[in-house]
Amino acid sequence: MRSKNKPTLNVIRSLQAEIINASKTAKPITTDGALYSLIQKQIKSSTTAIQEFEAAKRDDLVQKEQEQVDILQKYADEIPKVEASEVDGLISAAVEKLEEGKRTFGSVMGRVMGGIKGRPADMEYLNKKIEEAVGRK
């Protein structure tokens, strides 16, 4: 704030406004996972805006949005995520607890997500590993 870095300041202010707005709803941001999803939502909206600005040939706005995406990505990378080894352990434990006939993708995913408890995880990796464990491809 004191460094007068305008892009970072704008990103922090917009995130703070989103967090305050979310606190007034039924689902306030209370976990790292919720904050991570909020940041990812902001990144997605900025990426969409970049595509629209490129189509309109507005390079100045593309540069501004790209700076915001870079700053948001930096903050998203700082949030601790569930490690791949922990995900593998949760999946194997969930598969072992379920009977042979009840090992469906949804039941394993439910148990794994219960073990993650709102922490951000790589969902593509998670889906791939559960499909391999269940045997559904």
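The structure this text deals with has already been given above.
Residues numbered from 1 in each chain as written. Predicted model: local features only at pLDDT ≥ 70, side-chain atom pairs only at ≥ 80, totals over all residues. Heavy atoms only, no water.

**Student:** Could you clarify how one ought to interpret the overall build of the protein in this entry?
**Tutor:** Scanning the protein from N- to C-terminus turns up six helices and zero strands. Ordered by position in the sequence, the α and β elements of the protein form the string α-α-α-α-α-α. For the protein, the C-alpha radius of gyration of 19 Å lies well beyond 14 Å, the compact-globule estimate for 137 residues. Principal-axis analysis of the C-alpha atoms gives the protein an extent of 60 × 35 × 25 Å. (Helix = DSSP H or I, 4+ residues; strand = E, 2+ residues; numbered from the N terminus. Rg over C-alpha atoms; globule rule 2.2 N^0.38 Å.)

**Student:** What should I look at first to understand the nonpolar core in this one?
**Tutor:** Most often, soluble globular proteins have nonpolar side chains that are buried together. Judged by nonpolar contacts, the single largest core of 14 residues is most densely connected at Ile91, Val108, Val112, Ile116, Leu126 and Ile130. At the level of secondary structure, the elements contributing two or more residues to this core comprise helix H4 (84–97), helix H5 (105–116) and helix H6 (123–134). Tallying contributions element by element places H5 first for this core, with five residues. Leu15, Tyr36, Ile39 and Ile79 belong to the second-largest nonpolar core, a separate cluster that totals 13 residues. (Core = buried A, V, L, I, M, F, W, Y, C linked by side-chain atoms within 4.5 Å. Buried < 20%, exposed > 50% of the residue type's maximum accessible area, 1.4 Å probe, protein only.)

**Student:** Which parts of the structure should I look at to understand helix H3 (residues 59–78)?
**Tutor:** Turn by turn, an α-helix covers 3.6 residues, leaving residues three or four places apart pointing in a common direction. Its 20 residues give H3 an end-to-end C-alpha distance of 29 Å, which sits within 8% of 28 Å, the value for a rise of 1.5 Å per residue. By the burial criterion, the buried members of H3 are Val62, Glu65, Gln68, Val69, Ile71, Leu72 and Ala76. Considering only its buried residues, H3 is in contact with helix H1 (6–23) and helix H2 (32–55). (Expected span 1.5 Å × (residues − 1). Contact = heavy atoms within 4.5 Å.)

**Student:** What exactly am I supposed to notice about the packing of H4 against H5 here?
**Tutor:** When two helices pack together, their arrangement is given by the angle between the helix axes and by the axis-to-axis distance. Close contact between H4 and H5 brings their axes to 9 Å; oriented N to C, the two are set at 130 degrees. Our classification of the angle between H4 and H5 gives oblique. Classified by chirality, the crossing of H5 by H4 is right-handed. Residues Leu90, Ile91, Ala94, Val95 and Lys97 of H4 pack against Val108, Arg111, Val112, Gly115 and Ile116 of H5. Its residues assigned to classes, the contact of H4 with H5 shows seven nonpolar, one polar and two charged. (Axes fitted to C-alpha atoms, helices over the stretch in contact; angles between N-to-C directions. Parallel < 35°, antiparallel > 145°, perpendicular 65-115°, else oblique. Left-handed = near helix turned anticlockwise from the far one by under 90°. Nonpolar A, V, L, I, M, F, W, Y, C, P; charged D, E, K, R; others polar.)

**Student:** I keep staring at the packing of aromatic side chains and nothing clicks. Help me out?
**Tutor:** Each pair of aromatic rings is reported with the distance of its centres and the angle of its planes. Tallied over the entire structure, the rule returns zero aromatic pairs. A cation over a ring is seen here: Lys74 above Tyr75, with NZ or CZ 5.3 Å from the ring centre. (Phe/Tyr/Trp six-rings, centres within 6.5 Å; stacked < 30°, edge-to-face > 60°. Lys NZ or Arg CZ within 6 Å of the ring centre and 35° of its normal.)

**Student:** Is there a simple way to explain the packing of H2 against H3 in this structure?
**Tutor:** In contact at an axis separation of 9 Å, H2 and H3 are set at 160 degrees when each is read in the N-to-C sense. Here H3 runs roughly antiparallel to H2, going by the angle between their axes. Judged by the twist between their axes, the crossing of H2 over H3 is left-handed. Facing Tyr36, Ile39, Gln40, Gln42, Ile43, Ser46, Thr47, Ala49, Ile50, Phe53 and Glu54 of H2, the residues of H3 in contact are Leu61, Val62, Glu65, Gln66, Gln68, Val69, Leu72, Gln73, Tyr75 and Ala76. Split into classes, the residues belonging to the contact of H2 with H3 amount to twelve nonpolar, seven polar and two charged.

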